[in-house]
Amino acid sequence: MTQRTTIQLDVNGEAVSLTLDPRVTLLDALRDHLDLTGSKKGCDQGQCGACTVHVDGERVLSCLMLAAQADGRMVTTIEGLAGPNGSLHPVQAAFLEEDAFQCGYCTPGQIMSAVACIREGHAGSDEEIREFMAGNLCRCGAYPHIVEAVRKAAEATP
């Protein structure tokens, strides 16, 4: 019989208690146990960035983090970015305005990284944005639009 562990998380502002196998990743806990499917399972090896979420305000590749490592911490997913009235986060709005996606698979991870990029002060130039966002892959090649969206969102952020 597999041992199970109980963890407490604050997910998108809501207290959550989960009892699960201690080997479950944060990504699988979010998708399979909490039905928060915005974070994507791309490579499952930390190479593509599709699973990016924020843990205590820092961007994290959730496929590489065990859910138990997030015990007692605050987790923000793409579903938690919108305002309480459903208004889009400025980065989400900029991605729409700049057509910064094609198939959309990488978009949640791109947006979560973009929010961190701006918050951490790495949006001073297109080169700096590209460097910070390098861990997020887009197979469709929407990179110029993604950089433009991040720049516009950064300019609109006080």
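Look up a bit, the structure's there.
Conventions and cut-offs
Sequence positions are assigned chain by chain, starting from 1 and proceeding in written order. Only residues with pLDDT of at least 70 get local features here, since the model is predicted, and only at 80 or more are side-chain atom pairs given and counted; chain-wide, interface and lining totals rely on the full set of residues. Only hydrogens and water are set aside; all other atoms, that is, all heavy atoms of the structure, feed into the side-chain values. Two strands qualify as a pair provided that DSSP identifies no fewer than 2 bridges between them. Secondary structure elements are defined from DSSP: runs of H or I of at least 4 residues count as helices, runs of E of at least 2 residues count as strands, and each element is numbered from the N terminus. Here's how the labels work: a residue is buried when its accessible area is under 20% of the maximum for its type, exposed when over 50%, partly exposed in between, all with a 1.4 Å probe on protein chains only. Within this scheme, the nonpolar core is defined by two criteria: the residues are buried Ala, Val, Leu, Ile, Met, Phe, Trp, Tyr or Cys, and they are joined through side-chain atoms within 4.5 Å. Residue contacts are defined here by distance: any two heavy atoms, one from each residue, within 4.5 Å place the two residues in contact. Here an angle of 0 to 180 degrees is reported between the N-to-C directions of two axes, which are lines fitted to C-alpha atoms, with helices fitted over the stretch in contact. Angles are sorted into four bins: roughly parallel if under 35 degrees, roughly antiparallel if over 145, roughly perpendicular if 65 to 115, and oblique for all others. Working rule for handedness: look at the near helix, and if it is turned counterclockwise from the far one by less than a right angle, call the crossing left-handed; if clockwise, right-handed. Polar here means any residue other than Ala, Val, Leu, Ile, Met, Phe, Trp, Tyr, Cys and Pro, which are nonpolar, and Asp, Glu, Lys and Arg, which are charged; Gly is therefore polar.

**Student:** Explain the pairing of strand E2 (residues 14-20) to me, and be specific about the residues and the numbers.
**Tutor:** Where strand E1 (residues 5-11) meets E2, seven bridges bridge the pair, whose relative direction is antiparallel. Across the sheet, residue Val-11 finds its bridge partner in E2, namely Glu-14. Here E1 folds back onto E2 in antiparallel fashion, the turn holding two residues, of which Asn-12 has a positive phi close to 55 degrees.

**Student:** With reference to specific residues and values, describe the environment of Cys-43.
**Tutor:** Within the fold, Cys-43 resides in the loop between helix H1 (26-33) and strand E3 (52-55). By relative accessible area, Cys-43 is classed as partly exposed at 26%. Distance in space between the C-alpha atoms of Cys-43 and Ala-149 is 25 Å, their sequence separation being 106 residues.

**Student:** Outline the nonpolar core, supporting the account with residue identities and numerical values.
**Tutor:** Across soluble globular proteins, nonpolar side chains have a tendency to be buried as a group. In terms of nonpolar packing, the biggest core is built from 26 residues, with Val-91, Phe-95, Ile-146 and Val-150 touching the most fellow members. If you list the elements that add at least two residues to this core, you get helix H2 (90-97), helix H3 (107-119), helix H4 (126-132) and helix H5 (143-156). Counting residues per element, this core draws most heavily on H3, at seven residues. Excluding residues that lie within four positions of it along the chain, Ile-146 makes contacts with Phe-95, Ala-100, Gln-110, Met-133 and Cys-138. Counting 18 residues, the second-largest nonpolar core is a separate cluster that includes Leu-18, Ala-29, Val-53 and Met-65.

**Student:** Quick rundown of the packing of H2 against H5? Include the residues and the values.
**Tutor:** Relative placement of two packed helices is described by the angle separating their axes and the distance separating the axes. The N-to-C vectors of H2 and H5 enclose an angle of 135 degrees; their axes lie 8 Å apart at closest approach. As summarised for this structure, H2 and H5 are arranged oblique, according to the angle between their axes. For the pair H2 and H5, the sense of crossing is right-handed. Across from Pro-90, Val-91, Ala-94 and Phe-95 in H2, the residues of H5 making contact are Ile-146, Ala-149, Val-150 and Ala-153. Residues that form the contact of H2 with H5 fall into these classes: eight nonpolar, no polar and no charged.

Everything listed here is a matter of coordinates, which is why it stays silent on function.
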